[in-house]
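Architecture and fold: a report
Each chain, written out:
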Amino acid sequence: GGGGVGKAKKARRKGLSTFSRAVVIRSPLAELLGVRVLPRYEVAQRVASYARGAGLQDAGDRRLFRCDKALGEALGVEEFTLASVQKAIAARIVKWEDCGDEALKEEAVRIEERLLGEKAAKYEMEDAAEEEEAEARKAR
């Protein structure tokens, strides 16, 4: 238990999770997705979106996607599920810190700063709502 007076703030992670960090996408996946830098979770979303749009979802097992030639070459697999797509993507991305291209590094930093700003704004809104609730409880 906490010995402090008043309401304790929720423990919150300051930085971004691994999946929210920006990554640099290698060829040919970058060409297939039409972008070189994205948050890691969005790489998976775009791969799934491409696969759905291309009608690659298995009719018998809707969790399974069978790659067309372009996606197969880009991911290095013949099929994947949404649960396994991160593993397929892992070999096709690099941490932006490990990328030699300064322009891509700058783009990655901008993406992460935007995501951190959105996260901070969300926390501020949650805190304000909690404070309003507490004030309303006191007034009762």
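Residues numbered from 1 in each chain as written. Predicted model: local features only at pLDDT ≥ 70, side-chain atom pairs only at ≥ 80, totals over all residues. Heavy atoms only, no water.

Turning next to unusual backbone geometry. For the peptide bond that leads from serine 27 to proline 28, omega is 0°, which places it in the cis range. Among the secondary structure elements, proline 28 is positioned in the loop between β1 (22-25) and α1 (29-33). (Helix = DSSP H or I, 4+ residues; strand = E, 2+ residues; numbered from the N terminus.)

Counting 22 residues, the largest nonpolar core has Ile25, Val47 and Phe80 as its most contacted members. Secondary structure elements with two or more residues in this core: β1, α1, α2 (40-53), α3 (69-75) and α4 (85-90). Each residue touching phenylalanine 80, except ones within four places of it in the same chain, is listed here: Val47, Ala51, Arg63, Leu64, Phe65, Cys67, Leu71, Leu75 and Val85. The next biggest cluster of nonpolar side chains, apart from the first, holds 11 residues, and it includes Val94, Cys99, Leu104 and Ile111. (Core = buried A, V, L, I, M, F, W, Y, C linked by side-chain atoms within 4.5 Å. Buried < 20%, exposed > 50% of the residue type's maximum accessible area, 1.4 Å probe, protein only. Contact = heavy atoms within 4.5 Å.)

In this section: the packing of aromatic side chains. Counted according to the given criterion, the structure contains one aromatic pair. Between phenylalanine 65 and phenylalanine 80, the aromatic rings sit 5.2 Å apart at their centres with planes inclined by 15°, giving stacked as the arrangement. In this pair, phenylalanine 65 sits in strand β3 (residues 64-66) while phenylalanine 80 sits in strand β4 (residues 79-81), placing the two residues 15 residues apart along the sequence. The same class applies to phenylalanine 65 as to phenylalanine 80, namely buried. (Phe/Tyr/Trp six-rings, centres within 6.5 Å; stacked < 30°, edge-to-face > 60°.)

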